[in-house]
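Next come the chains, spelled out residue by residue.
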There are 2 protein chains.
Amino acid sequence: MKKIGFIGLGIMGRPMAGHLLDAGHELVTVKRDKPLVSELADMGMRELDSPAAVAEASEVIITMVPDTSDVEQVLFGEQGVIEGLQPGTLVIDMSSIAPLVTQQFSKRIHEAGGVYVDAPVSGGEGGAINAALTIMVGATEEGFARAKPLLEIMGKTITHIGGHGDGQTCKVANQIVVALTIEAVSEGLLFASRAGADVAKVRESLLGGLAQSKILDVHGERMIQRTFDPGFKIRLHQKDLNLALEGARSLNLALPGTANVQQLFQACAAHDGGDWDHAGLVRALETLSNYEIAKQ
Amino acid sequence: MKKIGFIGLGIMGRPMAGHLLDAGHELVTVKRDKPLVSELADMGMRELDSPAAVAEASEVIITMVPDTSDVEQVLFGEQGVIEGLQPGTLVIDMSSIAPLVTQQFSKRIHEAGGVYVDAPVSGGEGGAINAALTIMVGATEEGFARAKPLLEIMGKTITHIGGHGDGQTCKVANQIVVALTIEAVSEGLLFASRAGADVAKVRESLLGGLAQSKILDVHGERMIQRTFDPGFKIRLHQKDLNLALEGARSLNLALPGTANVQQLFQACAAHDGGDWDHAGLVRALETLSNYEIAKQ
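Residues numbered from 1 in each chain as written. Chains lettered and ligands numbered in written order. Predicted model: local features only at pLDDT ≥ 70, side-chain atom pairs only at ≥ 80, totals over all residues. Heavy atoms only, no water.

## Examining the UniProt feature "domain: 6-phosphogluconate dehydrogenase NADP-binding" (unreviewed entry) in chain A
For clarity, the cut-off: UniProt positions are given in the numbering used here, feature names are shortened, and annotations may be inferred rather than shown by experiment. Think of it this way: any DSSP run of H or I at least four residues long counts as a helix, any run of E at least two long counts as a strand, and we number them from the N terminus.
Residues annotated by UniProt as "domain: 6-phosphogluconate dehydrogenase NADP-binding" (unreviewed entry) correspond here to residues 3–162 of chain A. Between the C-alpha atoms that bound residues 3–162 of chain A the distance is 26 Å, and the span itself is 42% helix and 26% strand.

Right, here's the structure in full:
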């Protein structure tokens, strides 16, 4: 049983922390303005005053916060984790943040005597609740070996991609592929519908061939049924593509399709669609063409 | 056993005609400058002087030619099918051509007393050889019922999408989705590789989640292994996206991603890549960024 400091109890973090408590680990977190959710308090989770205090009490730190700057604040800000870090502490960042900055974070944690692991997840709230997350890990062999038993409590497919930052790189690649595949399905179904075909039959036929994708299956169905409740929010996908485009700029990499799909997400946001499921991307294209996919 | 006129004995048409002969049907075709391939001649296929002569001798006409203008020439050109069309003849166009023009063709064939069916295919040379094609059908209920037993000899998944032209519409939608998904996979893997991750592990990890697609599986592997032999040639995909963009123009439909991916195919063609497999699209992006996906 490990003493774990878990920082970031949002939609994803809450069920993930719950699984660790279920497995018998001892968890502490940072005290916030609002009270700790009662399920976690009832299972024995305790609150301490700062990330530094959490670090002092922990053998493992897990962070699950929104963005790069939030991880930086928790680890290196005032009363940050680094100020209370014990020798050999494992720091696992499961947030989705910038790969290049992650390499800097890992360097600073290692210099302070810790072991850094980046382990962003895919699979959304459902994956977190069902402990079925896909987890992409950047770590040394030693870091991966130490993190793996804990990650297996929260996820199903745990892949050691490579060294520090490679987990985050893989996550960004995932979000690029997902966003562009949503556009692929949107444009294909929109064409079919506008040309007068039954899109449900088109989707069905396409699922049998080279056009098959999980997105055509799940998000194609959402586009046809017009159900755009998240799922995964457009505003979060915008954040992830921002990481992709910032990374591409640093690397001198031209990603014209990714840039284009980000603009379509921005068009959705302009129509109050930041909280739509990312399948709602189709609505930006529909708005352009003054036409909506028709159920038949 | 039907008397079938089969016009268009290219890479796809040859094995398709072979399956019909195997099933015991009687086939004729139009005489060309080069001799009939011996496998088909040995199985009893005969040659006649013109499409009109083929139509006079047939209960069913199947066309499998490159483009819209070729179908028009065969059906309605000098000594075309329509000049010899017998009452009630089934005309099945299995080429991939313009959906809107297909509606005009079907009208003309019906006015001349025939029954028109559009039945484009997906699955490439391998699908044709193994009689495993996906066939997308636009037809009346009667037309579909009559064509189905013959299509089942050549394909595996036969879907009646809707009325005249809807088979072609579905095929165009398929090619839009496939092209954009190739770009999705290209940009994702390129980002991962350029950022220093092992792309083979990234591909493997992504196949387990929402980014999964047949294209990530098959074409992602080609991009990593650097094998760009067709497969499906870029110049043919350019033709199909041309149908998409012409159709979109007629329909007042804006397809920014499709337009973009067509430009990338054109960049491939500019580098003598018209005969590469369409996974070679990644090379246009690599050329932009002066970087090639690295095997690790």
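## Notes on the interface of chain A and chain B
Defined as follows: Whether two residues are in contact is decided by their heavy atoms, any of which lying within 4.5 Å being enough. Accessible-area loss on putting two parts together, using a 1.4 Å probe and summing over both, is the definition of buried area adopted here. For this document, the term salt bridge refers to a Lys or Arg side-chain nitrogen within 4 Å of an Asp or Glu carboxyl oxygen. Whenever two N or O atoms come within 3.5 Å, that pair is a polar contact, provided that in protein one can donate a hydrogen and the other can accept it, and provided that, for residues adjacent in sequence, both atoms are side-chain atoms. Note that Gly is not counted as nonpolar here; it falls among the polar residues with everything else outside the nonpolar set of Ala, Val, Leu, Ile, Met, Phe, Trp, Tyr, Cys and Pro and the charged set of Asp, Glu, Lys and Arg.
Counting from both sides, the interface comprises 58 residues of chain A and, opposite them, 59 residues of chain B. Buried area between chain A and chain B, both sides added, is near 5,100 Å², and the carbon and sulfur share of it is 69%. When the area that chain A buries against chain B is broken down by residue, the three leading residues are Glu187(A), Phe191(A) and Leu210(A), summing to 15%. Summed over the shared surface of chain A and chain B, the number is 0 salt bridges. At the junction of chain A with chain B, the criterion picks out 13 residue pairs in polar contact (both at pLDDT 80 or more). Elements with a minimum of two residues in the side of chain A that touches chain B: strand S8 (133–138), strand S9 (155–162), helix H9 (166–194), helix H10 (199–207), helix H11 (214–225), helix H12 (234–250), helix H13 (256–270) and helix H14 (281–289) of chain A. Class assignment of the residues belonging to the side of chain A that touches chain B gives a composition of 30 nonpolar, 21 polar and 7 charged.

## Some words on the relation of the copies chain A and chain B
Just so we agree on the cut-off: Here the copies are matched by least squares. The fit uses the C-alpha atoms of residues with pLDDT of at least 70 in both.
Note on the identical chains: chain A maps onto chain B by a rotation of 180° and an axial translation of 0.0 Å, with an RMSD of 0.0 Å. Put plainly, the chains are arranged around a two-fold axis. Ranked by how close their C-alpha atoms come to the rotation axis, the residues of chain A are headed by Ser213(A), at 2.0 Å.

## Things to note about the packing of aromatic side chains
Defined as follows: Here the aromatic set is Phe, Tyr and Trp, taking the six-membered ring for Trp, and pairing holds for ring centres within 6.5 Å; pairs whose planes are under 30 degrees apart are stacked, those over 60 apart are edge-to-face, and all others are tilted. Only lysine NZ and arginine CZ atoms are considered, and such an atom sits over a ring when it is within 6 Å of the ring centre and within 35 degrees of the ring normal.
Using the criterion set out here, one finds 2 aromatic pairs over all chains in the structure. On the numbers, 5.3 Å between centres and 55° between planes, the contact of Phe76(A) with Phe105(A) is tilted. Note that Phe76(A) is positioned in helix H4 (residues 68–76) and Phe105(A) in helix H6 (residues 99–111), a separation of 29 residues in sequence. We note Arg283(A) situated over the ring of Trp276(A); from NZ or CZ to the ring centre the distance is 4.5 Å. The residue whose ring lies beneath Arg108(B) is Phe76(B), and the NZ or CZ to ring-centre distance is 3.9 Å.

## Side note on the domain arrangement of chain A
Residue and element names in this part refer to chain A. Condition: Where a domain begins and ends is set by an automatic assignment or by a domain database.
Each domain of chain A was delimited in the assignment, giving domain 1 (3–162) and domain 2 (170–289). Placing the centre of domain 1 and that of domain 2 at their C-alpha centroids yields a distance of 30 Å. Contact with domain 1, which involves 13 residues of that partner, is made by 8 residues of domain 2. Across the interface of domain 1 and domain 2, roughly 820 Å² is buried in total on both sides, 70% from carbon and sulfur atoms. Broken down residue by residue, the surface that domain 1 buries against domain 2 is led by Ser96, Leu100 and Met136, which jointly contribute 45%. Applying the counting rule to domain 1 against domain 2 returns 0 salt bridges. Taken together, the elements giving at least two residues each to the side of domain 1 that touches domain 2 come down to H6 and strand S7 (121–122). Here the residues of the side of domain 1 that touches domain 2 sort into 9 nonpolar, 3 polar and 1 charged.

## Brief notes about the UniProt feature "domain: 3-hydroxyisobutyrate dehydrogenase-like NAD-binding" (unreviewed entry) in chain A
Per the UniProt record, the feature "domain: 3-hydroxyisobutyrate dehydrogenase-like NAD-binding" (unreviewed entry) sits at residues 165–285 of chain A. Annotation note: span residues 165–285 of chain A, helix share 72%, strand share 0%, distance between end C-alpha atoms 34 Å.

## Details of the pairing of S9(A)
Residue and element names in this part refer to chain A. Our working definition: A simple rule labels every residue: compare its accessible area, found with a 1.4 Å probe on the protein chains alone, to the largest value its type can have, and call it buried under 20%, exposed over 50%, or partly exposed in between. Here, any two strands with at least 2 DSSP bridges between them count as paired. Convention used here: a crossover is right-handed provided that the path from the first strand, over the helix, to the second strand proceeds clockwise when the strands point away from the viewer.
Counting buried positions along S9 yields 6 of 8 residues, so the element is predominantly enclosed. Direction of pairing for S8 relative to S9: parallel, over a ladder of 6 bridges. Counted as the bridge partner of Leu133 is Gly155 from S9. Handedness of the β-α-β unit built from S8, helix H8 (residues 141–154) and S9 comes out right-handed.

## A closer look at the pattern of salt bridges
Tallied over the entire structure, the rule returns 24 salt bridges over all chains. Ionic pairing is found between Arg146(A) and Glu142(A), a salt bridge with its closest N-O pair at 3.8 Å. Of this pair, Arg146(A) and Glu142(A) are both found in helix H8, 4 residues apart, which corresponds to roughly one turn of the helix. Given a relative accessible area of 47%, Glu142(A) falls into the partly exposed group. A salt bridge links Glu152(B) to Lys148(B), with the shortest nitrogen-to-oxygen separation between them at 3.9 Å. Residue Glu152(B) and its partner Lys148(B) are both found in helix H8 (residues 141–154); the two are separated by 4 residues, about one turn of the helix. Each of Arg203(A), Asp217(A) and Glu221(A) takes part in one network of salt bridges that share partners.

## Topic: the pairing of strand S4 (residues 60–63) of chain B
Residues and elements named next belong to chain B. Neither face of S4 is open: one carries Val60 and Ile62, the other Ile61 and Thr63, and all of them are buried. As paired strands, S4 and strand S5 (residues 90–93) are joined by 4 bridges and run parallel to one another. Bridge pairing in S5 links Val60 to Leu90.

## Brief notes about the side chain of Ser213(A)
With respect to the helices and strands, Ser213(A) occurs in the loop between H10 and H11. Among the polar contacts made by the side chain of Ser213(A), one reaches the main-chain amide nitrogen of Leu216(A) at a distance of 2.9 Å. Ser213(A) has contacts with Thr181(A), Val185(A), Leu207(A), Gln212(B) and Ser213(B), leaving out every residue within four places of it along the chain.

## Structural notes on unusual backbone geometry
A cis amide bond, omega 15°, links Pro230(A) with the succeeding residue Gly231(A). Within the chain, Ala131(A) stands out as a residue other than glycine whose phi angle is a positive 50°. Of note, Ala131(A) is situated in the loop between helix H7 (124–129) and S8. Of note, Asn290(B) is a non-glycine position whose phi angle comes to about 50°, a positive value. Position of Asn290(B) relative to the elements: it lies in the segment after helix H14 (281–289).

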